[in-house]
Amino acid sequence: MFKLPKRERVIALIIVLIITALAVAIAPSLLYAQTPPKSQKTELRGVWLTNIDSDVLFAKKNITEAIDRIAKLNFNTVYPTVWQGGYTLYPSAIAKGVMGISVDPSPGLKGRDVLKEIVDEGHKKGLAVIPWFEFGFMAPADSELAKKHPDWLTKRRDGTTIWKEGKDDRVWLNPFHPQVQKFILDLIIEIVVKYNVDGIQFDDHFGLPVEFGYDNLTVEMYKKEINGQLPSDDFRETFWVRWRADKLNDFMGRIFRAVKSRKPKCIISLSPNPLHFALPAHLQDWFTWERRGLIEEIIIQVYRNDLNRFIAELEREEVKLAKVHIPVGIGVLTGLKNNSIPIEQIQKQVAEVRRRGLAGVSFFFYESLSSWAKETRIQRDAAFQQMFPTKISRPSV
């Protein structure tokens, strides 16, 4: 066998070291994302399951196959929607009493208990199942809920109620209305008591767009508490924003106490927008909720394509403070029907989350783990398998 002289062997070794160093410098995210740090003993690995642009919930067979795939890819948590489009996705006596319909009547969902199917399949595979209260206080404008209870809706200063979400017309239930609060709280408790769930999750819709709150009930409530004064015509006025946000803070406290009194180990999870948007735009003061101990897990939706903007959100002070007390994960966008996300972007973002010692990630959403992507399903699954090479427990709350 030919053998290089000692001097050439040294030079060759130096070249290899230089190439390795350059590779790490050029693509550290990809290298880092493939394997969690050796010291890491827990990591949140979640994925949201929804009934929009996805077939996963529309047949029991689809759920079984999806849960099996998720488990094989070493995820440990699923967040299935249970309150979406003005309907529950489980047979609800509460919904039946309020609007006459107990479960989403869509073909494939009608007559089934999607939540029970997911809990049963998920627990068989060792996954935590945390139902996701996706629509929060929002409802379709033409929903049975909105039609039967128009007095439950809140308004802008000019009296309008319609909120555009893409092409869809939405309305907002008044989160300060006692009957709305009772309805929402009853749904939450129904899920917690009826199902063997590991927690319940709220998201950015568990708030209110800042321009709303000018309905008669809320205005009268404000006048009674603030010496007969009317709310400011400027919906962004500081005190008016703070008053409404505090009302939501108080309601979150009621939810926490009600859930914990019935199932102490049920995790209260939240997937909000970053705070600098959530509070001024949607009255959702989740940092106060965290400070008061009202939420036990946060997954901040950081749906940014630009890596620098993504990193900037991870390094905000409220994120650093929150992660000292509770698991703080990051919601990572894996794609939408008309927006393919390259697997390389996902890998880099997972790497940045890990670098900062955050609790983990949840992907939005199941269908886009592989659908609509430029890579094949086999290639995408292989990449997720590299990111999550072995099973690992969720962070303890």
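Structure report, in brief. Within each chain, residues carry numbers counting from 1 in the order of the written sequence. Reporting of local features is limited, given that this is a predicted model, to residues whose pLDDT is at least 70; pairs of side-chain atoms are given and counted only at 80 or more, and all residues count toward the totals for whole chains, interfaces and linings. The side-chain quantities take in all heavy atoms of the structure and omit both hydrogens and water.

## Regarding the sheet that holds strand β9 (residues 168–172)
Part 1: Pairing is antiparallel in the open sheet, where three strands are placed in the order β7-β9-β8. Each having just a single partner strand, β7 (138–140) and β8 (163–165) make up the two edges of the open sheet. Averaged over all pairs of adjacent strands, the angle between strand axes in this sheet comes to 45 degrees, irrespective of strand direction.
Part 2: Relative to β9, β8 is paired through three bridges, and the arrangement is antiparallel. Across the sheet, Trp163 pairs through a bridge with Arg170, a residue of β9. Two strands make a pair as long as DSSP finds a minimum of two bridges between them. A helix here means a DSSP run of H or I that spans at least four residues, while a strand means a run of E at least two residues long, and both kinds are numbered starting from the N terminus. Between N-to-C directions, angles span 0 to 180 degrees; the directions come from axes that are lines fitted to C-alpha atoms, helices contributing only their stretch in contact.

## With respect to unusual backbone geometry
Part 1: Of note, the bond from Phe364 into Phe365 is cis; its omega dihedral lies within 30 degrees of zero at 5 degrees.
Part 2: One can find Phe365 in the loop between β16 (360–364) and α15 (377–387).
Part 3: Positive phi, close to 55 degrees, is recorded for Asp53, a residue that is not glycine.
Part 4: The topology assignment puts Asp53 in the loop between β1 (44–49) and α3 (60–72).
Part 5: The backbone of Asn227 sits at a positive phi, close to 55 degrees, despite the residue not being glycine.
Part 6: Within the fold, Asn227 resides in the loop between α8 (216–225) and α9 (238–262).
Part 7: Working definition: with a 1.4 Å probe on protein chains only, accessible area under 20% of the residue-type maximum means buried, over 50% means exposed, and in between means partly exposed. Overall, the relative accessible area of 75% leaves Asn227 in the exposed class.

## Notes on empty space enclosed by the protein
Part 1: A 1.4 Å probe that fits but cannot get out identifies a cavity on a 1 Å grid over protein atoms alone, an open set with protein on both sides within 12 Å along at least five of seven lines counts as a pocket, and a residue lines either if it has an atom within 4 Å of a point. Grid points are joined across faces, edges and corners, and a volume is the space filled by probe spheres set on the points. Here the structure, examined in full by the defined rule, presents one cavity of 30 Å³ or more.
Part 2: If you add up the space inside the largest cavity, you get close to 40 Å³.
Part 3: In terms of lining residues, the largest cavity is bounded by Pro274, Leu275, Trp286, Ile300, Val302, Glu313, Arg316, Glu318 and Val319.

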